[in-house]
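# Descriptive analysis of the structure
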Number of protein chains: 2
Amino acid sequence: MLLIRRFYCSSQRISHIAKSNKRGDSLGIRGWIKNIRRLKNNTFLDIDDGSSSSRFQVVVPRNPETQNLTPGSVISAVGEIQVAPNGNFELHADRVESLAEGHLQDGYPFTPKQKHAPEYVREHLHLRSRVDYVAAQMRIRHKAQKAIHDYMDELDFVQINTPLMTTNDCEGAGEVFRVQPDSEELLKQMARPNVPAEQSYFDSKVFLSVSGQLHLEAMTYGLGNTYCLAPAFRAENSKSPLHLAEFYMFEAELAHLDELEKLAKFIEQMLKSITNRVLETSSEDLHFCQRNANASSDLPWLTVPWTIMSYDDALHVLQANKESLKTPISLDEGFTKDQELFLVSHCGTPVFVVDWPTQQKPFYMKITRNNPDRVHALDLLMPAVGELCGGSLRESDAATLSSHPQFPKDLSWYVDLRKYGGIPTGGFGMGFERYLQLVTGVKNIRDVIPFPRYPHSCKM
Amino acid sequence: MLLIRRFYCSSQRISHIAKSNKRGDSLGIRGWIKNIRRLKNNTFLDIDDGSSSSRFQVVVPRNPETQNLTPGSVISAVGEIQVAPNGNFELHADRVESLAEGHLQDGYPFTPKQKHAPEYVREHLHLRSRVDYVAAQMRIRHKAQKAIHDYMDELDFVQINTPLMTTNDCEGAGEVFRVQPDSEELLKQMARPNVPAEQSYFDSKVFLSVSGQLHLEAMTYGLGNTYCLAPAFRAENSKSPLHLAEFYMFEAELAHLDELEKLAKFIEQMLKSITNRVLETSSEDLHFCQRNANASSDLPWLTVPWTIMSYDDALHVLQANKESLKTPISLDEGFTKDQELFLVSHCGTPVFVVDWPTQQKPFYMKITRNNPDRVHALDLLMPAVGELCGGSLRESDAATLSSHPQFPKDLSWYVDLRKYGGIPTGGFGMGFERYLQLVTGVKNIRDVIPFPRYPHSCKM
């Protein structure tokens, strides 16, 4: 691995220097100048190469060449590792080469050393990765995905690429995007009798996926445990800092799952484990983002057992504390974010609310055999973000499923799954961006995804 | 890890038995009965739990209970590991419990022990994961993705979730899908002056992504090396066994890349490395799929150095061998698959064709400074599948880029990237399904993706 790394990159990356180098090592680095200080004998350059949220200092003797260096320019520097007075490594360079000019004065929107509001930074989406907290978020996002893939692979889950174009509307909420070829010519060419013109590519109306769950289920009946970490889409007119039109869902389906408590336990252990992995790989970036968002770096939910509470009990808690709530309690629509956060704060831990009213939940959830008004469903409520995961046992009885009043037409394949060697299954879905908000403390979901899509905005 | 595995699954998975167990171990398994043989004293059950392409044999004394077991049913069995006459482990069960009936006679489309044609299997997409070679493909697909993520992470590449809804049409080919909310109501609600009604959600025409490259580039200018392994979409009316409307692209963008040969070397080492990893994790499934596809299990390209050949030299080779080609040579349109395979066979190794005619390639490729008729582009040609990767150095000069005759309007942000501290970059894209076809020998691309989408077909 070292050989190939060296082969295509003759420089050391800044994130590796503290880990792999020692005082006196000779090495080269490459990166953007974030800041320049010129003292009498030496010029001090703060260098960023995209690998770390710490700036790395390069010290060069003052000479006519370094005189022309400007912030934003790209340099390569070769020299020797020394220890700065603050204890950090720095590079005493004997050679600095300018690779490209910064030209920041020609319209670059971010002033060096100045902190810009996230709304302003978002306006310049194509240049946003050059802003330190955005870059840190992207590295954390990468490592969090890596942690999920590693964890699920260790447990023998098979990652399934659930399709993004689908003829289902899983949640039945109708908030879907429709897809069709842009070319009228192509649609005409592919026309078939009895198929509406705009549907001629697939012979049916096609939507962007709102969830991979039903497709995962089909795979689980052959492969056992499966998961996906895939984009999902909602056509909602929401300006909320917790919603996007295109976001990522981490969903898993567990074979032979017969108790909701086992699912809750699985989710708790999974979230603690992947978060500990992210803390191991990305602590510097994580603390940088937390500080930047004025959020605590403390994640107390990592070390306590989480609460499991029935819907009925949760409702009682809320009803007994009406005066502390900002929103009215509804018996038809689940809890508001305010109420979710109250329950978390009341319990002092994350809360799994289990055994929900049947009429509040989708058709595929398993009905409690001794009480048809309740389904084996759970919502996981977390500090700051409220609902992070939703999950359930799935209705395994073909007849009960097909006679559900909300059972969608054209979903006979879903019932079919249960007919031949049916097994109890269950699973959950987690909004991946909300998870990132939870651990980094970032307020707006638009700042934890590289290219946010929301009402009236689809830049690039 | 073992603890959590045990917690939610009290049974051992079949794929682990050969690795982790020994003769005399007591354990339980759960799975579907694939086949039953009844001898005088014992019943022999071939069990599949989705974890392995080998069937696992359970031996149970004949008794009235086992008399009722049928293929397709789900059982749990508890007993002791013994060694069968063929040397494999088997379970001598003292307890077998039926968990669900098979009911295969009630319309199950796949007859046990019979080999069905892929076209027939595909017709029953929702039950397809129960077919052994499909399940094996899905496990290989998972492990190949895992290998890519591991490899790129080890080399410090940052995975970027490039957006799937975009206002760009990167390749400019026009074969795009258009996206809009399905709800007329919502579109009306969101209407703005001067925006066409069907575009009111995003205030512009929005497409499904055909490539993540341009977005990766934007990120690379802040983060250094980046990659994505993401869905891409093409609205083509193609019935080819190498094309899908929704497929996966593995794309990477390398910072500070100044020579095309370095990119070729990177691709070669990456493909050899991830394939060796897949051979390590999935050799049984791989050989099962290769046998099933009547393909060789030999991948000779793993151990030889690959050829780099200029477009001009490749053209000469083809022109000198016209009589061996099935298709005419075009000077405007690149090589046909027949010609690609001829070049691979002629060289006896995979071939990087480099330095392509400028007019055959997209606007973003770097023009050779001493010959404007050639760009620093490469195509990687492999046995069986032909073109597997396409890549290039990117044009780093803002003025050259914007004056390209095919430069798309509204892409000024892409030029902007080069203006402030521009660096040389380059990268490649690889069709992930074609890679799977290459290693497994599977002829039709529809059989290496869980839910294939192609003209007139978007099931489930």
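Not measured: the values here are computed from a predicted model. (Residues numbered from 1 in each chain as written. Chains lettered and ligands numbered in written order. Predicted model: local features only at pLDDT ≥ 70, side-chain atom pairs only at ≥ 80, totals over all residues. Heavy atoms only, no water.)

## Brief notes about the overall build of chain A
Rule in force here: Only DSSP runs of H or I reaching four residues or more are called helices, and only runs of E reaching two or more are called strands; each is numbered from the N terminus. A simple rule labels every residue: compare its accessible area, found with a 1.4 Å probe on the protein chains alone, to the largest value its type can have, and call it buried under 20%, exposed over 50%, or partly exposed in between. Computed with a 1.4 Å probe, the accessible areas rest on the Shrake-Rupley method; for each residue, only the protein chains presented here act as cover. A residue counts as positive if it is Lys or Arg and as negative if it is Asp or Glu; His and the chain ends are not included. To locate a charge, the coordinates of NZ of Lys, CZ of Arg, CG of Asp or CD of Glu are taken.
A count of helical and extended segments in chain A gives 13 helices and 16 strands. Here the C-alpha coordinates of chain A stretch approximately 85 × 65 × 45 Å along the principal axes. By the burial criterion, 63% of the 460 residues in chain A qualify as buried. As presented, chain A carries roughly 18,100 Å² of accessible surface, and 50% of it is formed by carbon and sulfur atoms. Of note, chain A has its 50 positive side-chain charges centred 7 Å away from the centre of its 56 negative side-chain charges.

## Digging into helix 7 (residues 213-223) of chain B
One turn of the α-helix equals 3.6 residues, which is why residues spaced by three or four share an orientation. Residues and elements named next belong to chain B. Counting buried positions over the 11 residues of helix 7 gives 11, a clear majority of the element. Buried within helix 7 are the following residues: Gln 213, Leu 214, His 215, Leu 216, Glu 217, Ala 218, Met 219, Thr 220, Tyr 221, Gly 222 and Leu 223. Directly after helix 7, the chain includes Gly 224, whose backbone phi takes a positive value near 85 degrees.

## Considering the domain arrangement of chain A
Residue and element names in this part refer to chain A. Worth spelling out the cut-off: Each domain's extent is set by a domain assignment, obtained either automatically or from a database. The criterion used for residue contact is that any of the two residues' heavy atoms lie within 4.5 Å. In this description, buried area is defined as the sum, over both parts, of the accessible area (probe of 1.4 Å) that is lost when the two are combined.
For chain A, the domain assignment lists domain 1 (14-108) and domain 2 (130-175 + 210-447). Taking only C-alpha atoms, the centre of domain 1 and the centre of domain 2 are 44 Å apart. If you look at the interface, domain 1 gives eight residues, while domain 2 gives seven residues. Between domain 1 and domain 2 lies a buried interface of about 600 Å² when both sides are counted; carbon and sulfur atoms form 34% of it.

## Some details on the sheet that holds strand 4 (residues 74-83) of chain A
Residue and element names in this part refer to chain A. For clarity, the cut-off: By definition, two strands form a pair when at least two bridges between them are found by DSSP. Inter-axis angles, ranging from 0 to 180 degrees, are taken between N-to-C directions of lines fitted to C-alpha atoms, where helices are fitted over the stretch in contact.
Read around the closed barrel, the five strands follow the order 1-2-3-5-4; overall the barrel is mixed. Going across the sheet, the axis of each strand differs from the next one's by a mean of 55 degrees, ignoring polarity. Summarising the sheet, strand 1 (residues 26-38) and strand 4 pair through seven bridges and their orientation is antiparallel. Within the sheet, the bridge partner assigned to Gly 31 lies in strand 4 and is Ile 75.

## A closer look at the interface of chain A and chain B
By a widely used convention, the size of an interface equals the accessible area lost when the partners come together. Our working rule: Only one rule defines a salt bridge in this text: a Lys or Arg side-chain nitrogen within 4 Å of an Asp or Glu carboxyl oxygen. Pairs of N or O atoms within 3.5 Å make up the polar contacts considered here, provided that, within protein, one atom can donate a hydrogen while the other can accept it, and that residues adjacent in sequence are counted only when both atoms are side-chain atoms.
Taken together, the 117 residues of chain A in the interface contact 117 residues of chain B. Between chain A and chain B, a total of about 10,700 Å² is buried, with carbon and sulfur atoms accounting for 58% of that surface. Counting across the interface, chain A meets chain B through eight salt bridges. Residue Lys 205 of chain B pairs with Asp 182 of chain A through a salt bridge whose shortest N-O separation is 3.2 Å. Seen at the junction of chain A and chain B, the total is 70 residue pairs in polar contact (both at pLDDT 80 or more).

## With respect to unusual backbone geometry
One non-glycine residue with positive phi stands out, namely Asp 156 of chain A, at about 65 degrees. Among the structural elements, Asp 156 of chain A can be located in the loop between helix 5 (132-154) and strand 6 (158-159). Phi at Asn 194 of chain B takes a positive value of approximately 70 degrees, unusual for a residue other than glycine. Note on placement: Asn 194 of chain B falls in the loop between helix 6 (184-189) and strand 9 (206-208). Assessed through its relative accessible area of 82%, Asn 194 of chain B is described here as exposed.

## Quick look at the relation of the copies chain A and chain B
To keep it simple, the criterion reads: Superposing copies: least-squares fit, C-alpha atoms only, residues required to have pLDDT of at least 70 in both.
You can overlay chain A on chain B at an RMSD of 0.0 Å; the transform is a turn of 180 degrees with a shift of 0.0 Å along its axis. Here the copies are linked by what is in effect a two-fold axis. No C-alpha of chain A lies nearer the rotation axis than that of Val 179 of chain A, which sits 2.4 Å from it.

## Overview of the pattern of salt bridges
In this structure the tally under the stated criterion is 56 salt bridges over all chains. Asp 182 of chain B is the partner of Arg 178 of chain A in a salt bridge, and the nearest nitrogen-oxygen pair spans 3.4 Å. Here the residue Arg 178 of chain A occupies a position in strand 8 (residues 177-181), and Asp 182 of chain B occupies one in the loop between strand 8 (177-181) and helix 6, the pair thus bridging two chains. Two residues, Arg 418 of chain B and Glu 217 of chain B, come together in a salt bridge whose shortest N-O distance is 2.7 Å. With a gap of 201 residues between them, Arg 418 of chain B in helix 12 (residues 412-419) and Glu 217 of chain B in helix 7 connect regions that are remote in the sequence. Taking relative accessible area as the criterion, Arg 418 of chain B reaches 6% and is therefore assigned buried. Taken together, the salt bridges that share partners define one network made up of Lys 146 and Asp 150 of chain A together with Lys 146 and Asp 150 of chain B.

## So, the packing of helix 5 (residues 132-154) of chain B against helix 13 (residues 432-440) of chain B
Residue and element names in this part refer to chain B. We count it as follows: Take the far helix as your reference; a near helix turned counterclockwise from it by less than a right angle gives a left-handed crossing, and one turned clockwise gives a right-handed crossing. Basically, the charged four are Asp, Glu, Lys and Arg, the nonpolar ten are Ala, Val, Leu, Ile, Met, Phe, Trp, Tyr, Cys and Pro, and anything else, Gly included, counts as polar.
One can describe the packing of helix 5 onto helix 13 by two numbers: an axis separation of 11 Å at closest approach and a directional angle of 115 degrees. Considering how the two elements wind past one another, helix 5 and helix 13 form a crossing that is right-handed. On the side of helix 5, the interface is formed by Gln 137, Ile 140, Arg 141, Ala 144, Gln 145 and Ile 148, while helix 13 contributes Phe 432, Glu 433, Tyr 435, Leu 436 and Thr 440. When grouped by side-chain class, the residues that make up the contact of helix 5 with helix 13 number six nonpolar, three polar and two charged.

## Notes on the side chain of Ser 73 of chain B
All names here are of chain B. Tracing the backbone through its elements, the reader meets Ser 73 in the loop between helix 3 (64-67) and strand 4 (74-83). Within the local environment of Ser 73, its side chain forms a polar contact with the backbone nitrogen of Gly 102, the two atoms lying 3.0 Å apart. Leave out the neighbours within four places in its chain, and Ser 73 touches Gly 31, Trp 32, Ile 33, Ala 100, Glu 101 and Gly 102.

## A word on the pairing of strand 11 (residues 246-255) of chain B
Residue and element names in this part refer to chain B. In terms of burial, strand 11 is a largely internal element, 10 of the 10 residues being buried. Here strand 11 shows no split at all, with Glu 246, Tyr 248, Phe 250, Ala 252 and Leu 254 on one side and Phe 247, Met 249, Glu 251, Glu 253 and Ala 255 on the other all buried. In this structure, strand 10 (residues 226-233) lies alongside strand 11, joined through eight bridges in antiparallel fashion. Pairing of Pro 231 across the sheet is with Tyr 248, part of strand 11. By the bridge criterion, seven bridges tie strand 11 to strand 16 (residues 425-431) in an arrangement that is antiparallel. The residue bridging Glu 253 from the neighbouring strand is Gly 427, located in strand 16.

## Examining the environment of Tyr 151 of chain A
Mapped onto the secondary structure, Tyr 151 of chain A falls in helix 5. For the pair Tyr 151 of chain A and Ala 255 of chain A, spaced 104 residues apart in sequence, the C-alpha to C-alpha distance is 17 Å.

## Observations regarding helix 10 (residues 337-347) of chain A
All names here are of chain A. By the burial criterion, the buried members of helix 10 are Asp 338, Gln 339, Glu 340, Phe 342, Leu 343 and Val 344. Taken together, the buried residues of helix 10 touch strand 12 (307-310), helix 9 (311-320), strand 13 (351-357), strand 14 (374-382) and strand 15 (386-393). Positive phi appears at Gly 348, one or two residues downstream of helix 10, with a value of about 75 degrees.

## As for the pairing of strand 1 (residues 26-38) of chain B
Residue and element names in this part refer to chain B. Where strand 1 lies against strand 2 (residues 42-48), six bridges are found, and the strand directions are antiparallel. Within strand 2, the residue paired with Ile 33 across the bridge is Ile 47. What sits between strand 1 and strand 2 in their antiparallel hairpin is a turn of three residues.

## So, the packing of aromatic side chains
Defined as follows: Aromatic rings from Phe, Tyr and Trp, with only the six-membered ring used for Trp, were paired whenever their centres fell within 6.5 Å, and each pair was classed as stacked if the ring planes differed by under 30 degrees, edge-to-face if by over 60, and tilted otherwise. Charge-over-ring contacts are defined here by two conditions on Lys NZ or Arg CZ: a distance within 6 Å of the ring centre and an angle within 35 degrees of the ring normal.
Applying the stated criterion to the full structure yields 38 aromatic pairs over all chains. An angle of 45 degrees between the planes, with centres 5.0 Å apart, marks the rings of Tyr 311 of chain B and Trp 356 of chain B as tilted. Of this pair, Tyr 311 of chain B sits in helix 9 (residues 311-320) while Trp 356 of chain B sits in strand 13 (residues 351-357), and the two are 45 residues apart along the sequence. Using a relative accessible area of 2% as the deciding quantity, one classes Tyr 311 of chain B as buried. A relative accessible area of 3% means that Trp 356 of chain B is categorised as buried. Site record: aromatic cluster; members linked through ring pairs are Phe 157, Tyr 227, Phe 250, Phe 266 and Phe 428 of chain A. Sitting over the ring of Trp 356 of chain B, Lys 361 of chain B keeps its end group 4.4 Å from the ring centre.

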